Amino acid sequence: MANTISILEKLGFRKASGVDEAGWGRTLFVAAVSLIYFLPVLFIIFTAFKPQASALSVPPTLSPTSLFGLIPDQFVFSPTLENFGSVFERSMTSGGAPEPTGFDRYFFNSIMIASMSVLLALIIGTLAAFGFSRYPLKGNDTYLFIILTTRMLPAIVVIIPVILMFRVVGLSGSYIGIIMLYTAFNLAFTIWMMKSFFDELSLDVEDAARIDGSTGLRVFFKICLPQVVAGLAATFVFGLILTWNEFLFALLLSGPDTRTVPVAMNQAVSSGGRGTDWTLLAAIETLFLIPVFVVTFFLQNHLLRGVTFGTVKR
Amino acid sequence: MSSLAVTASRPPFISLSLDNWRFALVAGIIALIVSVTLFPADVSFWIVGVFAVLLAMSSVINAYRRQYYGGLLVAPAIAVLFVMNIFPLLWSLGLSFFAYQSSQQTIRFVGLANYIKVLTNDLAATANWNALINTAMFVVLTVAAQMIIGFLLAMIFAKQFPLRRYLLILVLTPMMLSVVASGVFFTYYFDPTFGILSYVIGNITGEQFILMDNKAGAVAGIVFADAWMWSPFVMLLVLAGLVSVPKYLYEAAAIDRVSAWRRFWTITFPYIRGLLMLALLFRTIEAFKLADMVILLTKGGNDTMTISYHLIRIANEQNKTSEGAAISYLMLFMVIVLTNLYLYLANRRQQGA
């Protein structure tokens, strides 16, 4: 088996796939496009640093510095950090003493629930995708289609039976309940995505390994998994992003102890009847963005390497 | 896969062996009927649960002893999906044939009356059809916008250049925002008095600009916000396909002096076709469920009500649970027809190529 791969490598297969080089000209062009695309996010992040009074000013304030006089004074705001403090501790009534808002707990809940459910879906889903791809069952496509249909219905339809079911089993408001629900929620995507990655792999290397006497497990862990690392990373990131921001299930199924940030964010912003608290919303969103941003940034390497992918063209 | 030889013979039906899943199935069904008729709901729930576990265990042992690896690998996923999705789906399918409101305790069998009501009945039906037509419009517009923008973004990122990873993460960020935050901030961007859009256009034309005061503007605003958030999703999938194309194919094409257009259709496209189809499929399904952006941006005003938001109103705010279930099954039917069409076309092209 090692023989086969080394021959393939000598033929230039394994390392040859990949992307062309382009220079700084491309960087400039892409930077312009990306910055325009990023502007609405940048505005939210800037709003998190604005003093509450200047959040709704006309004209809108756009920059924390005047960039050495480049930007007119009317567009400049003076940055402050107090919004981030009031995410965790603020007075609930006007003039009252600051109280803890419990957002530290909500951040912990979001991180815990999202990461556990995505990892679980990735493990279960990758096994299933390998099964669907390599050991087709009778009516394989039907199973895959049924799995896909679980993502088609609006959540609102599934939610009533799920609430009743959780109440009977005693899972409502618990971590396990919502983690299992999110796992199911991510499974359809994981299975379809990983199956498409497994389908693209060449069978030649696997067959060679089997002929050399490798067991099914060994083929899976030593040959198939390393080739779909890019797929695993991509699926993990997608799952994390979708779960991280899920709102409806979290609103209806999480208890006071297991509340996630999107639900708490909605309550914090719309409570009190004073209209939207823009700077507070922006501060929560900015903090909430950091974990998923960091994970995505570090998984990008796997996402884009694409080297081990598609060893031999079928 | 020829190694899937049968190594153990089937157990006889009556024997109490650990891999006799047929026996466990029959015992489970009997236990289901008996416990539902004899015991209160929560006790019978646990009895049925125990038998379900027994059945699952025996089928797993059966599959292991007979080397049905496919079944073994797929089993955990199917189990989770069954408990959390398929079972609730069947339950709500059942509900759609009853008259049931979650605010009341009564429940009454009405057959197809809910379906007839949502499709043909005077007032309700016109609202439903309107919402449906709007949804079709949103599906076409948002999915088209996302596919085009996502594809173009993937094309410009498909080469290696300095600072690429830092720029890529900027484009991916919109997808990571919470819909609550981005939706609320889009109402701010589109706001006639405070918003940036109205400020810029107002300075150019000299009049106050209100985007959301007619249907075209409201639709454009929603499509823009949704496409902005989800184009990166399409981009990532296409990009994963683009970077997987082996370089030697391009080198061979360069030697043969193949034109860029032909190179794209004969080399690049076959590699990204599967992922494009996947992106199209998932975005269409999500677009069918479009509700949150509409709720946040227009609250269904200016004739922008979508079927999904309509459904949330009926099922959640008006407590008409079974009518909502009927609408959602009609929706599911439409999505299934649409996705089958996609898959059929995809398969046919694959065979034709």
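Residues numbered from 1 in each chain as written. Chains lettered and ligands numbered in written order. Predicted model: local features only at pLDDT ≥ 70, side-chain atom pairs only at ≥ 80, totals over all residues.

1. Digging into the nonpolar core
For soluble globular proteins, the rule of thumb is that nonpolar side chains tend to be buried together. Rules: We define a nonpolar core as a collection of buried residues of the types Ala, Val, Leu, Ile, Met, Phe, Trp, Tyr and Cys that are connected via C-beta atoms lying within 7 Å of each other. Residues with at least 20 neighbouring C-beta atoms inside 10 Å of their own are called buried, those with 12 or fewer are called exposed, and the rest are partly exposed, where every C-beta is derived from the backbone. Secondary structure is summarised from DSSP: a helix means a run of H or I of at least four residues, a strand means a run of E of at least two, and numbering begins at the N terminus for each.
If you look at the biggest cluster of nonpolar residues, it comprises 166 residues, and the most contacted ones within it are Ile191(A) and Val238(B). Ranked by the residues each element gives to this core, the list is headed by helix H9 (residues 215-242) of chain B, at 19 residues.

2. Describing the domain arrangement of chain B
How we decide: Residue ranges assigned to each domain were obtained from an automatic or database domain assignment.
Split into domains, chain B comes out as domain 1 (21-95) and domain 2 (115-352). The centre of domain 1 of chain B, based on its C-alpha atoms, is set 38 Å off from the matching centre of domain 2 of chain B.

3. Points about the confidence of the model for chain A
Basically, it comes down to this: Across the chain, each position has a pLDDT score giving the predictor's confidence in that residue, from 0 to 100.
The pLDDT averaged across chain A works out to 78; a share of 84% of its residues lies at or above 70. Per-residue pLDDT, averaged within each element of chain A, yields its smallest value for helix H1 (residues 2-10) of chain A (51) and its largest for helix H4 (residues 103-134) of chain A (91).

4. So, the packing of helix H7 (residues 175-200) of chain A against helix H10 (residues 229-244) of chain A
Residues and elements named next belong to chain A. Operational definition: Lines are fitted to the C-alpha atoms to define the axes, a helix being fitted only along its stretch in contact, and any angle between axes, read from their N-to-C directions, falls within 0 to 180 degrees. In what follows, roughly perpendicular refers to angles from 65 to 115 degrees, roughly parallel to angles under 35, roughly antiparallel to angles over 145, and oblique to any angle outside these ranges. The sense of a crossing depends on the near helix, which, turned anticlockwise from the far helix by less than a right angle, makes the crossing left-handed and, turned clockwise, makes it right-handed. Contact between two residues is assigned when their C-beta atoms, built from the backbone, lie within 7 Å. Throughout, the ten residues Ala, Val, Leu, Ile, Met, Phe, Trp, Tyr, Cys and Pro are labelled nonpolar, Asp, Glu, Lys and Arg are labelled charged, and all others, Gly among them, are labelled polar.
At their nearest, the axes of H7 and H10 sit 10 Å apart, and the two run at 155° to each other. It follows that H7 is roughly antiparallel to H10 by the angle criterion. Our pair here, H7 against H10, has a crossing hand that is right-handed. Along its contact with H7, which presents Tyr182, Asn186, Phe189, Thr190, Met193, Met194 and Phe197, the element H10 presents Gly231, Thr235, Phe238, Gly239, Leu242 and Thr243. When the residues that make up the contact of H7 with H10 are grouped by side-chain class, the tally is 7 nonpolar, 6 polar and no charged.

5. Looking at the packing of helix H6 (residues 155-169) of chain A against helix H3 (residues 69-95) of chain B
One way to put it is that H6(A) packs onto H3(B) with a least axis distance of 8 Å and a crossing angle of 105°. Here H6(A) is positioned roughly perpendicular relative to H3(B), judged by the angle of their axes. Taken together, the residues of H3(B) that come into contact with H6(A) (itself represented by Val157(A), Val158(A), Ile160(A), Pro161(A), Val162(A) and Met165(A)) are Asn85(B), Pro88(B), Leu89(B), Trp91(B) and Ser92(B). For the contact of H6(A) with H3(B), the class distribution of residues is 9 nonpolar, 2 polar and no charged.

6. Some words on the environment of Trp21(B)
Along the chain, Trp21(B) turns up in helix H1 (residues 21-38). Residue classification places Trp21(B) among the buried residues on the basis of 20 C-beta atoms within 10 Å.

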